[in-house]
Amino acid sequence: MVKAVIEKIDADFEDSVARLCELLRIPSIGTDPAYDPDTRRAGAWLAEQLAGLGFEARLCETPGQPIVLATYKSAGDSHRHLLYYGHYDVQPIDPVELWDHPPFEPTIVDGPDGRRVVARGAVDDKGQVMTWIEAFRAWIAIHGSLPFDITVMIEGEEEGASVNLEPFMREHSDVLRADVAVISDTGMPGPDRPAVTTMLRGIVYTEVTLTGPSHDLHSGMYGGAVVNPLNALVDLLAGLHDGNGRVMLDGFYDGIVEIGADQVSDWQKSGFDAEAFLATAGLKHSHGEAGYSVLERIWARPTLDVNGMWGGYIGAGQKTVIPSKASAKISCRLVPGQSPEKVLQSIMTYFETNKPEGTTVTVADLGLGSPILVSKDTEIVGAARRAASRVFPNEAVTIACGGSIPVVASISGILGMDTLLLGFGLDDDRVHSPNEKFDLICFERGIKTHALLLDELSSQ
């Protein structure tokens, strides 16, 4: 009957696109309090969709955004239980003027691989969440019931470091604990090349503030006689890398796990094209740690980046001041073997040790996430690869992801479960940028892959 499920997905695909667009119209910017009612509305919309499929679904309150919790008891006799995780909050839309269309008015446009939907949250993560919800919908329409028990957890604070997720998981661990967790919030090498992600970089995200004078000073009266926090912070930030792109924090590279030859071989089968990857960013040349390929730099090597910097006067016209303080946001992407806590401490030590005399420095912890490395030989990874290979024209491979999904470490540490990372995004989806999009061929194939994953697991 799985053929009938696939036919149902095809027959109802335009309805699936319409439902996705309905969700995308809700401006759920979870980190902006001005959007709190809309963010909550997005969670309620998802709970309503799941309830309509036979789930017991509700919004669970947290000190921040609510979490969708839904459970499904199968009519079958399978003892298997899966947990599906996603998030309904989205990134801010700035700079708005760079969007070709209003970011919360989803627009279908043509692309090289067919139609695509352009909107904030199209691929991160609303579109990917809808791949498995629409797979559930088609399966239930044909079979009358899902093949095994399923729990769904969809949060509204992923873009804000998931500050309330771990307490929620501890409180509801009995409901959430399952055989394995499934997450679609990653990507694949191309619309014809499916992949299962088995390695994620971790993250350390900080805000550094260097303070000098007690207040802003006239640069003519004081310039050259006092420390300028902006100048000093620029020097400190420049010292974080050497001329070969290596991070200069003490102990930064300690404990890194070397990637095996079999994993590298699998990565090479992904069809990764360095020139095409750089072209998605409007670039022709790579820059980074010397001695490593582009693929190694984004999948297997740690990084440190300045994400923003501010201080003093940046308005129109002139205001010649020496600012009293300057700030920067810094993120590190970590690979297996590195400790987020140790890297954070190393950042704090660096700035405290090297700050100019007469200044003070604070380093705020804005979020830590551990790197993840899972075996590519598990039952669930094998089932996902087989499912995707039945949908796509090429066989599924295992890949790594340069991004971070801290919930994977939380699922492992709190619930004691492995996670399957089965994503359908592309490098050119403009995640976190204006004109974020999701190719509809990826959306369709994602729905079908999730349906066939149910088939693969129910036949075992």
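The following paragraphs examine the structure supplied in this document. Fair warning: this is a prediction, and the values are worked out from it, not measured in the lab.

1. So, the packing of helix α2 (residues 13-24) against helix α4 (residues 126-143)
Turning to step 1, where the next piece is worked out: In contact at an axis separation of 10 Å, α2 and α4 are set at 140° when each is read in the N-to-C sense. For the element pair α2 / α4, the angle class is oblique. With respect to the hand of their crossing, α2 and α4 are arranged in right-handed fashion. Counted together, Ser16, Arg19, Leu20, Leu23 and Leu24 of α2 and Lys126, Gly127, Met130, Glu134 and Arg137 of α4 form the full contact between these two elements.

2. Examining the side chain of Ser346
Turning to step 1, where the next piece is worked out: Tracing the chain through its elements places Ser346 in helix α12 (residues 340-354).
Turning to step 2, where the next piece is worked out: Apart from the residues lying within four places of it in its own chain, the contact partners of Ser346 are Leu249 and Asp250.

3. Considering the sheet that holds strand β11 (residues 303-311)
Remark on secondary structure: sheet strands pair via backbone hydrogen bonds, oriented parallel or antiparallel.
Turning to step 1, where the next piece is worked out: The antiparallel open sheet is built from 4 strands, whose spatial order is β11-β13-β9-β14. Every interior strand has two partners, whereas the edge strands, β11 and β14 (360-369), have only one. Strand-to-strand twist across the sheet, computed as the mean angle between neighbouring axes with direction ignored, equals 15°.
Turning to step 2, where the next piece is worked out: Against the sheet, α12 engages β9 (202-211), β13 (325-334) and β14, with an angle of about 165° to β14.

4. Re the pattern of salt bridges
Turning to step 1, where the next piece is worked out: Taken as a whole and assessed by the stated rule, the structure comprises 25 salt bridges.
Turning to step 2, where the next piece is worked out: Glu134 is the salt-bridge partner of Arg137, the closest N and O atoms lying 3.2 Å from each other. Here the residue Arg137 and the residue Glu134 both occupy positions in helix α4, the gap between them amounting to 3 residues, near one helical turn.
Turning to step 3, where the next piece is worked out: Glu134 gets classed as buried once you look at its relative accessible area, which sits at 3%.
Turning to step 4, where the next piece is worked out: A salt bridge links Glu289 to Arg246; the nearest nitrogen and oxygen atoms lie 3.2 Å apart.

5. A word on the environment of Asn394
Turning to step 1, where the next piece is worked out: Within the element layout of this structure, Asn394 appears in the loop between α13 (379-391) and β16 (397-401).
Turning to step 2, where the next piece is worked out: When the C-alpha positions of Asn394 and His287 are compared, they lie 31 Å apart, and in sequence the two are 107 residues distant.
Turning to step 3, where the next piece is worked out: In contact with Asn394, not counting residues within four places along its chain, are Asp192, Arg193, Pro194 and Ser389.

6. So, the sheet that holds strand β5 (residues 114-118)
Turning to step 1, where the next piece is worked out: The strand order across the open sheet formed by 3 strands is β4-β5-β18, and the pairing between neighbours is antiparallel. Because the sheet does not close on itself, it has two edges, and the strands there are β4 (107-111) and β18 (437-439). Between one strand axis and the next, the sheet turns by 30° as a mean value, whatever way the strands run.
Turning to step 2, where the next piece is worked out: Taken together, the 5 bridges between β4 and β5 define a ladder with antiparallel strand orientation. Residue pairing for β5: Ile108 is matched across the bridge by Val117.
Turning to step 3, where the next piece is worked out: Of the strands in this sheet, β4 and β5 touch α2, which is tilted by about 25° from β5.

7. Describing the pairing of strand β7 (residues 180-183)
Turning to step 1, where the next piece is worked out: In β7, alternate side chains face the same way, and those of Val180 and Val182 on one face and Ala181 and Ile183 on the other are all buried.
Turning to step 2, where the next piece is worked out: The pairing of strand β3 (residues 81-87) with β7 spans 4 bridges and is parallel. Across the sheet, residue Leu83 finds its bridge partner in β7, namely Ala181.

8. A look at helix α15 (residues 440-458)
In an α-helix, one full turn covers 3.6 residues, which means residues spaced three or four apart are oriented alike.
Turning to step 1, where the next piece is worked out: Compared with an ideal rise of 1.5 Å per residue, which puts 19 residues at 27 Å, α15 spans 27 Å between its outermost C-alpha atoms and is within 8% of the ideal.
Turning to step 2, where the next piece is worked out: Taken across its 19 residues, α15 has 16 buried, putting it largely inside the fold.

9. Describing unusual backbone geometry
Turning to step 1, where the next piece is worked out: A cis amide bond, omega -5°, links Asp94 with the succeeding residue Pro95.
Turning to step 2, where the next piece is worked out: In this fold, Pro95 is placed in the loop between β3 and β4.
Turning to step 3, where the next piece is worked out: Backbone torsion omega between Asp124 and Asp125 reads 5°, so that peptide bond is classified as cis.
Turning to step 4, where the next piece is worked out: Among the secondary structure elements, Asp125 is positioned in the loop between β5 and α4.
Turning to step 5, where the next piece is worked out: Unlike most non-glycine residues, Ala161 shows phi in positive territory, near 75°.
Turning to step 6, where the next piece is worked out: Positionally, Ala161 belongs in the loop between β6 (149-155) and α5 (165-171).
Turning to step 7, where the next piece is worked out: Overall, Ala161 belongs to the partly exposed group, its relative accessible area being 44%.

How each quantity is defined
Residues numbered from 1 in each chain as written. Predicted model: local features only at pLDDT ≥ 70, side-chain atom pairs only at ≥ 80, totals over all residues. Heavy atoms only, no water. Axes fitted to C-alpha atoms, helices over the stretch in contact; angles between N-to-C directions. Helix = DSSP H or I, 4+ residues; strand = E, 2+ residues; numbered from the N terminus. Parallel < 35°, antiparallel > 145°, perpendicular 65-115°, else oblique. Left-handed = near helix turned anticlockwise from the far one by under 90°. Contact = heavy atoms within 4.5 Å. Pairing = 2+ DSSP bridges. Salt bridge = Lys/Arg side-chain N within 4 Å of Asp/Glu carboxyl O. Buried < 20%, exposed > 50% of the residue type's maximum accessible area, 1.4 Å probe, protein only. Expected span 1.5 Å × (residues − 1).

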